[in-house]
Amino acid sequence: MSRTLTSVYHSPMSTRSDYATNHLARTLRSGSVGRGQALCLDDRKRGLRLSYADIFAMAERYASAIAQAGVKPDDRVMVQAEKSVEVMAVYLGTVLAGAAFVPLNTAYTARELEHFISDAKPALFICDPAARGTFAPIATANGATVLTCDATGSGTLAEAGANAADSFEAIPRAADDLACILYTSGTTGRSKGAMLTHANLASNAETLRDYWRFTSDDVLIHALPIFHAHGLFVAINVSLTAGGAMLFEQKFDADRALALMPDATAMMGVPTFYTRLLHHDGLTFEATAGIRVFISGSAPLPAETHRDWTARTGHNILERYGMTETAMNTSNPYDGERRPGTVGFPLPGIEIRVTEPETGAPLPNGRIGGIEIRGPNVFKGYWQMPEKTAEEFRADGFFITGDLGVISEDGYVTIVGRSKDLIISGGYNIYPKEIESLIDAIDGVVESAVFGVPHPDFGEGVVAAVVRQPDAAPDAATIIAAIAPDLAKFKQPKAVLFLDELPRNTMGKVQKNTLRTDNADVLQG
Ligand code: MCA
Ligand code: AMP
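Caption draft 1: Spatial organisation of the site of ligand 1. Around ligand 1, a shell composed of 25 residues is seen, among which R276, S298, R320, S425 and G427 lie nearest. In this structure, K251 approaches ligand 1 through a side-chain N or O atom, which is 3.0 Å from an oxygen atom. The side chain of S298 places a nitrogen or oxygen atom 2.6 Å from an oxygen atom of ligand 1. Look at ligand 1: alone it shows 1,000 Å² of surface, and the protein chains cover 75% of it.

Caption draft 2: Region of the structure containing the nonpolar core. Within the largest apolar cluster, 114 residues are counted, with the highest numbers of intra-cluster contacts made by M88, Y91, F214 and L277. With near-sequence residues (within four places) excluded, F214 lies in contact with R209, L220, V238, A242, A266, M268, R292, V293 and I295. In this structure, F116, A144, V445 and V462 belong to the second largest nonpolar core, which totals 40 residues.

Caption draft 3: Up close: the sheet that holds strand β24 (residues 459–468). Strand order in the open sheet formed by three strands is β23-β24-β25, and the pairing between neighbours is mixed. The open sheet is flanked by β23 (445–455) and β25 (495–498), the only strands paired with a single partner. With strand direction ignored, the average angle separating the axes of adjacent strands in the sheet is 25 degrees. The pairing of β24 with β25 spans four bridges and is parallel. Across the sheet, A465 pairs through a bridge with L497, a residue of β25. The strands touched by helix α14 (residues 432–440) are β23 and β24; relative to β23, the strand with the most contacts, the crossing angle is about 145 degrees.

Caption draft 4: Main features of the site of ligand 2. What surrounds ligand 2 is a group of 16 residues, the closest being R320, T324, D403, K420 and N429. Separating an oxygen atom of ligand 2 from a side-chain N or O atom of D403 is a distance of 2.6 Å. Contact between ligand 2 and K420: an oxygen atom at 2.8 Å from a side-chain N or O atom of the residue. The protein chains hide 91% of the 500 Å² of surface that ligand 2 would expose on its own. Listed by contribution, the elements that provide at least two residues to the shell around ligand 2 are β13 (318–323) and β20 (413–418). For the shell around ligand 2, the class distribution of residues is seven nonpolar, four polar and five charged.

Caption draft 5: Region of interest: the sheet that holds strand β17 (residues 369–374). Spatial ordering of the open sheet is given by β16-β17-β19-β20, a layout of four strands whose pairing is antiparallel. With partners counted over all chains shown, the strands left at the sheet margins are β16 (351–355) and β20, one partner each. Going from strand to strand, the sheet's axes swing by 50 degrees on average, the running direction of each strand aside. Pairing of strand β19 (residues 399–407) with β20, which is carried by five bridges, proceeds in the antiparallel orientation. From the neighbouring strand, I407 faces β20, where its bridge partner is V413.

Caption draft 6: Structural detail: the pattern of salt bridges. Counted according to the given criterion, the structure contains 30 salt bridges. Between D410 and R339 there is a salt bridge; the shortest N-O distance is 2.7 Å. Remark: R339 occurs in the loop between β14 (327–331) and β15 (345–346) and D410 occurs in the loop between β19 and β20; sequence separation between them is 71 residues. You can call R339 partly exposed: its relative accessible area is 22%. Salt-bridge contacts for K388 lead to E391; the nearest nitrogen and oxygen are separated by 3.5 Å.

Caption draft 7: The arrangement of the environment of T156 in detail. Along the chain, T156 falls in helix α7 (residues 156–163). Each C-alpha atom of the pair T156 and L277 lies 38 Å from the other, and the pair is 121 residues apart in sequence. When neighbours within four sequence positions are excluded, T156 is seen to be in contact with V146, L147 and T148.

Caption draft 8: Layout of the packing of aromatic side chains. Applying the stated criterion across every chain, the model contains 17 aromatic pairs. Judged by centre distance (4.0 Å) and plane angle (10 degrees), the rings of F252 and F273 are stacked. Of the two residues, F252 sits in the loop between β10 (245–248) and α10 (254–260) while F273 sits in helix α11 (residues 271–278), which places them 21 residues apart along the sequence. By relative accessible area, which is 7% here, F273 ends up buried. An aromatic cluster of three or more residues is present, and its members are F379, Y382, F393 and F399.

Caption draft 9: Region of the structure containing the packing of helix α3 (residues 52–68) against helix α4 (residues 85–96). Two elements in contact, α3 and α4, have axes whose closest approach is 7 Å; the angle formed by their N-to-C orientations is 65 degrees. α3 and α4 meet at a crossing whose hand is right-handed. Contact with α3, carried on its side by I55, F56, M58, A59, E60, Y62, A63 and I66, involves V85, E86, M88, A89, V90, L92, G93, T94 and L96 of α4 and no other residues of that element. Of the residues contributing to the contact of α3 with α4, the split by class is 13 nonpolar, two polar and two charged.

Caption draft 10: A look at the environment of D210. If you trace the backbone, D210 turns up in helix α8 (residues 198–211). For D210, a relative accessible area of 47% puts it in the partly exposed group. A sequence separation of 28 residues divides D210 from V238, and the C-alpha atoms of the two residues are 9.3 Å apart.

Caption draft 11: Structural context of the packing of helix α2 (residues 23–30) against α8. Two numbers describe how α2 lies on α8: the axes approach to 8 Å, and their chain directions differ by 20 degrees. In terms of orientation, α2 and α8 fall into the roughly parallel class. Crossing geometry of α2 relative to α8 is assigned as left-handed. Seen from α2, the contacting residues are H23, L24, T27 and S30; seen from α8, they are H198, A199, L201, A202, E206 and R209.

Caption draft 12: Main features of unusual backbone geometry. If you check the backbone angles, R213 has positive phi at about 60 degrees while not being a glycine. Along the polypeptide, R213 turns up in the loop between α8 and β9 (219–222). Positive phi is not limited to glycine here, since Q384 has a value of about 55 degrees. One can find Q384 in the loop between β18 (381–382) and α13 (386–391). The class of Q384 is exposed, set by a relative accessible area of 58%.

Basis of the calculations
- Residues numbered from 1 in each chain as written.
- Chains lettered and ligands numbered in written order.
- Predicted model: local features only at pLDDT ≥ 70, side-chain atom pairs only at ≥ 80, totals over all residues.
- Heavy atoms only, no water.
- Near = heavy atom within 4 Å.
- Polar contact = N/O pair within 3.5 Å; in protein donor to acceptor, adjacent residues only side chain to side chain.
- Areas by Shrake-Rupley, 256 points an atom, 1.4 Å probe, with all protein chains shown as cover.
- Core = buried A, V, L, I, M, F, W, Y, C linked by side-chain atoms within 4.5 Å.
- Buried < 20%, exposed > 50% of the residue type's maximum accessible area, 1.4 Å probe, protein only.
- Contact = heavy atoms within 4.5 Å.
- Pairing = 2+ DSSP bridges.
- Helix = DSSP H or I, 4+ residues; strand = E, 2+ residues; numbered from the N terminus.
- Axes fitted to C-alpha atoms, helices over the stretch in contact; angles between N-to-C directions.
- Nonpolar A, V, L, I, M, F, W, Y, C, P; charged D, E, K, R; others polar.
- Salt bridge = Lys/Arg side-chain N within 4 Å of Asp/Glu carboxyl O.
- Phe/Tyr/Trp six-rings, centres within 6.5 Å; stacked < 30°, edge-to-face > 60°.
- Left-handed = near helix turned anticlockwise from the far one by under 90°.
- Parallel < 35°, antiparallel > 145°, perpendicular 65-115°, else oblique.

Listed below in structure tokens is the structure:
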């Protein structure tokens with residue numbers, strides 16, 4: 001029996017299901033209990049206004065469809081599909097079905113996907129119908145059932161949902177059970193799957209809701225992608241846990257964000273959202289008057305952007321710091337000074353220390369060192385990588401973030417750099433090693449070094465320095481064309497420089513600092 005879209009979206013809140021035994025589902029549902037008809041999600045482009053009852057009914061129907069597709073508790077449900085309410089409902093449905101949700105960046109190519117699928121071995125893989133021809137063979141070869149979903153929700157997922165049972169008894173899940181796996185780029189070029197538990201996500205959502213004072217009166221501009229921790233675990237989880245509403249945008253657009261502001265109370269974004277809005281004439285005191293809080297994270301917010309924002313709007317952006325492996329760690333205060341250039345204080349229940357990177361010896365306030373984290377937010381480990389997991393933890397349970405920072409005498413944390421060779425471009429993490437390996441394999445290339453330099457829009461942008469063989473010298477366009485089929489667009493170098501040799505220290509190690517300093521203005525202008 002098939003149902004119309006209307007009946008799929010607009011269903012009564014199930015009374016049969018009791019979420020009490022599913023740790024994360026209980027938290028995500030908590031803000032809306034008794035308020036089933038309250039607005040949860042408003043997608044204006046699609047003309048959809050969905051209540052909590054609608055969203056959870058959809059989630060239950062997808063949970064039924066997921067189970068019907070053969071997914072068992074602890075199996076993985078992998079999704080590489082455009083942002084939509086359907087994908088959000090698949091996330092909730094996966095949690096209800098007791099499986100682990102594994103979202104992937106929509107920019108990834110078949111080469112990148114192959115690694116994720118063969119590593120996570122999902123029981124169910126959901127992709128855009130247009131990508132089915134490329135990705136389905138990889139997924140089925142690894143044992144997955146394939147369903148499709150496009151940006152408007154059309155595809156075989158919708159059909160499966162329409163035909164599935166419309167209520168689902170949540171599978172009991174304990175605090176330490178796996179809820180999600182998020183892939184983070186790896187220093188060796190191989191992405192690692194960070195295993196987040198029900199308790200990691202539930203505790204962080206509740207902590208942030210309270211710290212940032214989110215309530216059922218809030219309306220959040222949600223313009224982030226939902227395949228990363230920021231859009232999924234911060235924006236969606238906090239909003240649901242508070243029982244608030246989201247203005248759900250396919251992607252960030254400064255015109256649209258300004259048009260939505262009169263109806264919103266909050267916005268979360270990466271620094272590029274704020275720098276783009278500062279370039280917009282429409283950003284004024286009046287335009288932002290109804291907003292309660294602007295929150296920034298995923299990459300450093302320049303102190304200058306923070307100050308310019310205050311001058312243009314009267315609001316102080318609230319900057320916070322997190323990672324895929326830990327969700328959110330620190331935040332500037334809701335009340336009190338939001339200090340530009342800092343990421344504020346450790347969140348309640350989370351311990352932070354700064355240590356000597358080599359030895360792990362704790363350093364006093366005021367000294368720069370490695371940032372280490374311990375708390376209920378810290379992940380369970382990397383998927384099927386026990387040795388790698390062990391390397392990243394101290395014996396007393398602190399997680400070594402790879403970020404360098406300092407804590408002031410009055411407790412504010414400042415990130416001063418990274419010990420990991422990482423570029424953060426527009427909030428996306430990029431590890432140079434993966435790009436260097438692809439460039440080094442091109443005919444006529446001797447070696448390469450990939451590094452980040454300041455970029456006016458993305459904060460940092462990717463640059464490749466290449467040493468070529470004199471007789472067969474590929475030009476920049478040839479190099480980009482050679483790597484493009486295998487590398488998501490956001491990782492591709494925005495400039496290629498040719499050098500006679502790479503700068504090295506006496507130990508023979510490539511000096512990326514020298515490359516960064518010598519080429520600091522390559523992407524300006
Ligand atoms: C798009 N491009 C990029 C990026 N995005 N290049 C480098 N870095 C990027 N981030 C490419 C496009 O393919 C395009 O290439 C060109 O740059 C311009 O694209 P444009 O249309 O201007 O970009 P956009 O579609 O507007 O996207 C920019 C964006 C987006 C809105 C900043 O990247 C974004 O939403 N970023 C948020 C990422 C995020 O959620 N991070 C959170 C990770 P061409 O023109 O050549 O075709 S979670 C995390 O970090 C932790 C947990 C935390 O603390 O939150
Ligand atoms: P990801 O691996 O995508 O979770 O990115 C996490 C990394 O983003 C952290 O380890 C930091 O290097 C960086 N990051 C997140 N928030 C901030 C911030 N507010 N300021 C500086 N760096 C940040």
